[in-house]
Amino acid sequence: ICNTVIPVTDNRNSIHYEAESPDEVTFVIAARELGFMLNGKKQTSITLHELEPIIGSMVYRTYKILSTLSFSSARKRMSVIVRTEECQLLLFCKGADSVIFSRLVKDGQTFEAATRDHVSKYSETGLRTMVVAYRVLSEQEFSVWHDEFLNATNIVSANREEMLELAAEKIERDLILLGATAVEDRLQKGVPDCVDKLAQAGIRIWVVTGDKLETAVNIGIASHLLRKDMKQIVVTLSALDNSVFTERDKEAHDKACNESVTRQLHEALNEVTSLEKRSISCSLVIDGSSLVYALSRDLEKSFFDLASGCASVICCRTSPKQKALITRLVKINTRKTTLAVGDGANDVGMLQEADIGVGISGVEGMQAVMSSDFAIAQFRYLENLLLVHGHWCYRRVAAMICYFFYKNITFGFSLFCFEVYTSFTAQPAYNDWYIAFYNVVFTSLPVIALGVFDKDVSSLLCLKYPMMHQDGVQNIFFSWPRILGWMINGVFSSIIIYYFASSSILNQAFRNDGRVAELGILGLTMYTCVVWIVNCQLALYFSYFNWIQHLFIWGSISLWYVFLVIYGFFPPVVSTSAYRVFLEAAAPSAIYWIVTVATVITALIPYFAYKAFQTTLYPKYNELVQIKQHENR
Ligand SMILES: Nc1ncnc2c1ncn2[C@@H]1O[C@H](COP(=O)(O)OP(=O)(O)OP(=O)(O)O)[C@@H](O)[C@H]1O
Ligand SMILES: [Mg+2]
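Residues numbered from 1 in each chain as written. Chains lettered and ligands numbered in written order. Predicted model: local features only at pLDDT ≥ 70, side-chain atom pairs only at ≥ 80, totals over all residues.

A. Inspection of the sheet that holds strand E6 (residues 127-137) at higher detail. Pairing is antiparallel in the open sheet, where five strands are placed in the order E3-E4-E5-E6-E7. Because the sheet does not close on itself, it has two edges, and the strands there are strand E3 (64-72) and strand E7 (176-184). If you compare each strand with its neighbour and ignore which way they point, the axes differ by 15 degrees on average. Relative to strand E5 (residues 89-95), strand E4 (residues 77-83) is paired through seven bridges, and the arrangement is antiparallel. Bridging across to E5, Arg77 finds its partner in Gly95. (Pairing = 2+ DSSP bridges. Helix = DSSP H or I, 4+ residues; strand = E, 2+ residues; numbered from the N terminus. Axes fitted to C-alpha atoms, helices over the stretch in contact; angles between N-to-C directions.)

B. Quick look at the packing of helix H15 (residues 381-421) against helix H21 (residues 519-541). Remark: H15 packs on H21, axes separated minimally by 10 Å, with the N-to-C direction vectors making an angle of 160 degrees. The orientation of H15 relative to H21 falls into the category roughly antiparallel. Every pair of crossing elements has a handedness; the one defined by H15 and H21 is right-handed. The segment H15 lies against H21, with Ala399, Tyr403, Tyr406, Lys407, Thr410, Phe411 and Ser414 engaging Met526, Val530, Ile533, Val534, Gln537, Leu538 and Tyr541. (Parallel < 35°, antiparallel > 145°, perpendicular 65-115°, else oblique. Left-handed = near helix turned anticlockwise from the far one by under 90°. Contact = placed C-beta atoms within 7 Å.)

C. Broad picture of helix H11 (residues 300-309). Considered for burial, the residues of H11 that qualify are Phe303, Leu306 and Ala307. Seen from one end, H11 has its buried residues packed into an arc of 95 degrees, which puts them on one side. For H11, the secondary structure elements touched by its buried residues are helix H9 (250-277), strand E10 (282-287), helix H10 (288-294) and strand E11 (312-316). (Buried ≥ 20, exposed ≤ 12 C-beta atoms within 10 Å, placed from the backbone. Arc of directions from axis to C-beta.)

D. Local environment of the UniProt feature "binding site: Mg(2+)" (unreviewed entry) in the protein. Using the residue numbers shown here, the UniProt feature "binding site: Mg(2+)" (unreviewed entry) corresponds to Asp343 and Asp347. By secondary structure assignment, the location of Asp343 is in the loop between strand E12 (339-342) and helix H13 (348-353). For Asp343, a count of 22 C-beta atoms within 10 Å puts it in the buried group. The contact partners of Asp343, leaving out residues within four places of it in the chain, are Ile360, Gly362, Glu364 and Ala368. Here Asp347 shows up in the loop between E12 and H13. When the 29 C-beta atoms within 10 Å are taken as the criterion, Asp347 is described as buried. In contact with Asp347, other than residues within four places in its own chain, are Lys323, Gly342 and Ala368. (UniProt positions renumbered as here; feature names shortened; annotations may be inferred.)

E. Fine view of the nonpolar core. Counting residues in each nonpolar core, the largest one holds 58 residues, and the members touching the most others are Leu284, Ala294, Leu306, Cys310, Ile314 and Cys315. Apart from the residues lying within four places of it in its own chain, the contact partners of Ile314 are Val207, Ala216, Val217, Gly220 and Val285. Core analysis: the next-biggest nonpolar cluster, separate from the first, contains 50 residues, Ala429, Phe442, Ala449 and Leu538 among them. (Core = buried A, V, L, I, M, F, W, Y, C linked by C-beta atoms within 7 Å.)

F. Inspection of the sheet that holds E12 at higher detail. One open sheet accounts for three strands, arranged E12-E13-E14; its pairing is parallel. Each edge of the open sheet is held by one strand with a lone partner, namely E12 and strand E14 (374-376). Averaged over all pairs of adjacent strands, the angle between their axes in this sheet comes to 20 degrees, without regard to strand direction. Pairing between strand E13 (residues 356-360) and E14: three bridges, direction parallel. Counted as the bridge partner of Ile360 is Ile376 from E14. Each of E12, E13 and E14 touches H15; the most contacted strand, E14, lies at about 140 degrees to it.

G. Structural context of the site of ligand 1. Residues in contact with ligand 1 amount to 14 residues; listed here are only the nearest, Ser73, Lys76, Ala96, Thr209 and Gly210. For the shell around ligand 1, the elements supplying multiple residues, two or more each, are E4 and E5. Within the shell around ligand 1, the residues separate by chemical class into four nonpolar, six polar and four charged. Counting contributing residues per domain, the shell around ligand 1 is built from domain 1 (5-184) and domain 2 (191-384), each supplying no fewer than three. (Near = placed C-beta within 6 Å. Nonpolar A, V, L, I, M, F, W, Y, C, P; charged D, E, K, R; others polar. Domains from an automatic or database assignment.)

H. Quick peek at the pairing of E6. Counting buried residues in E6 gives nine out of eleven residues, a clear majority hidden from the surface. Here seven bridges tie E5 to E6, and the two strands are oriented antiparallel to one another. Bridge pairing in E6 links Leu89 to Leu137. Bridging between E6 and E7 involves eight bridges; their strand directions are antiparallel. Bridge pairing in E7 places Met130 opposite Thr181.

I. Looking closely at the environment of Val600. Within the fold, Val600 resides in helix H25 (residues 590-617). Sequence separation between Val600 and Tyr465 is 135 residues; the distance between their C-alpha atoms is 37 Å.

J. Molecular detail of the UniProt feature "domain: P-type ATPase C-terminal" (unreviewed entry) in the protein. Feature annotation in UniProt assigns "domain: P-type ATPase C-terminal" (unreviewed entry) to the following positions: residues 369-620. The span residues 369-620 shows a helical share of 73% and a strand share of 1%, and its end C-alpha atoms are spaced 36 Å apart.

K. Up close: the pairing of E10. Counting buried residues in E10 gives five out of six residues, a clear majority hidden from the surface. Pairing between strand E9 (residues 231-235) and E10: five bridges, direction parallel. Counterpart to Gln232 in the pairing with E10 is Ser283.

L. Spotlight on helix H8 (residues 213-222). The element H8 is largely enclosed, with a buried count of seven among its ten residues. The elements touched by buried residues of H8 are helix H4 (112-124), E6, strand E8 (206-208), E10 and E11. With its phi angle positive at about 70 degrees, His224 sits one or two positions after the end of H8.

M. How the structure looks around the environment of Ala239. Mapping Ala239 onto the fold places it in the loop between E9 and H9. Since 8 C-beta atoms lie within 10 Å of it, Ala239 is described here as exposed. Spatially, the C-alpha atoms of Ala239 and Asn535 are 69 Å apart, while their sequence positions differ by 296 residues.

If you want it as structure tokens, here you go:
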């Protein structure tokens with residue numbers, strides 16, 4: 001009993017009741033069993049008040065559940081076998097209309113036409129429907145079947161699922177139709193807007209659902225995937241008359257289906273091509289039974305061509321396996337990144353097949369979330385995940401990798417330049433501890449700040465300009481020219497460092513008493529420039545500064561001087577070439593400081609000049625947004 005929608009199946013006829021106030025209740029009854037009627041009349045709604053005397057006068061009956069065949073998305077149905085008080089054995093089965101209707105015995109089809117009519121009416125209004133049927137079992141039939149079912153349940157092997165399915169197939173047949181139910185399954189808040197945004201970001205969206213065609217189309221319209229100006233192309237096998245094929249004619253049936261799907265796909269493809277010329281967009285709706293053939297080896301290419309020519313694609317009545325196959329088809333044929341979003345256990349295959357799986361936690365359990373890469377609570381958060389965090393993270397990770405190349409090349413290549421000078425005698429320019437601490441202490445924290453905090457535009461603007469998402473799709477920030485550019489920048493910086501330091505320090509009197517500088521001072525000067533340059537380069541790159549970035553960058557540089565002082569106090573056995581070198585030799589010398597400043601400025605000029613020209617002459621999309629953001633301040 002709940003208070004949203006009242007789907008009641010009366011005596012072999014389906015009536016849909018919709019509650020209008022909270023005290024109205026939902027009451028789903030297998031009416032044939034309970035004979036439910038109010039004052040001898042059909043009622044469109046019932047209040048708790050009216051219900052009380054009925055419940056009071058109702059005869060309660062006890063059913064003993066003997067066996068449950070649980071729901072699976074592949075079977076699209078579930079059943080219970082019960083023993084009534086009169087010791088009669090009954091099987092009740094509920095499930096998708098297509099599955100139940102095809103399992104009815106001849107005598108059980110009396111109300112099929114009327115129920116079908118009701119079911120399609122419910123679906124057209126966007127309700128999720130289910131058909132209920134029953135069957136009387138004999139004791140013997142049940143006991144034979146039950147042994148087999150228990151065997152299948154207890155088996156510990158890979159084909160357990162198959163055996164269970166086989167057992168279910170044996171008993172869930174020759175059913176007698178009882179009626180249909182419908183429940184409202186509202187779209188979550190914000191879905192249409194989110195779909196709109198994602199479409200604006202240039203993301204192609206396919207809906208793959210286990211629902212009925214009519215319901216799926218209705219949801220497509222509600223979520224703005226299907227629009228009035230689109231030509232809707234439907235590929236379905238529902239028009240095929242199955243009654244002409246007996247069970248033995250499986251092959252003939254398959255052949256007819258295959259031909260029908262082939263024909264429909266080709267006709268649709270022609271239509272799409274001709275409409276494309278008149279710039280009319282199309283949408284494709286295809287059902288699970290057609291997909292069986294459309295996803296076969298011969299037809300998958302035609303299906304994919306057709307689907308990729310359509311602006312929206314809706315696949316309905318799909319099994320979990322088909323969901324995964326569709327994802328794989330798109331992934332392989334487009335070679336693009338695929339992202340699957342799902343909330344139920346039937347989406348697990350799809351979530352794992354896609355490059356990125358996003359599980360929605362909610363009423364349908366945790367399976368989807370457990371097997372996904374990202375978990376969100378509502379569909380609309382996808383917008384934030386992709387357009388805001390997707391953009392930020394992509395830019396951060398790309399910049400971080402490029403910067404790693406840069407800073408290590410700057411460091412390593414300056415060592416190499418010195419090696420050339422020493423004619424490859426393997427004499428290192430830097431003290432061992434300088435080398436050991438480079439990536440661990442003096443340049444590590446600012447990179448973390450880049451990878452965690454940097455953002456080029458605010459989240460509001462990311463959502464306002466969804467096209468920025470295309471930066472990632474077109475791989476603007478991690479292209480070969482960009483990676484090579486950073487590498488060349490690194491080589492350039494290190495040449496400047498070596499050239500400036502060696503030519504200014506080595507060839508003239510360095511100390512007051514006229515002595516020239518020795519190797520320890522050259523290494524120290526070069527290393528000072530390296531630490532300054534790689535950190536200032538990062539400061540130039542940052543689009544966003546808070547106190548953490550400042551602390552990390554200027555802190556890392558200060559740490560270098562602190563380290564020099566402390567390390568210099570260690571006895572010469574430990575500090576070797578760095579013994580008191582900073583306090584006694586480098587710091588009192590003006591040339592050391594002048595070289596540092598000149599080298600840092602010179603090494604940063606190329607990046608600065610490139611950035612200034614590029615932003616003025618060929619701004620990227622995100623830079624245009626940045627300019628807008630700046631103007632609006
Ligand atoms: N617990 C159940 N018992 C019986 N039938 C069910 C049950 N749950 C769903 N069905 C029927 O099986 C069909 C397929 O269900 P499935 O879970 O595969 O997909 P869905 O929930 O309809 O859609 P989606 O793929 O969007 O989650 C449903 O449309 C419904 O008719
Ligand atoms: Mg579901």
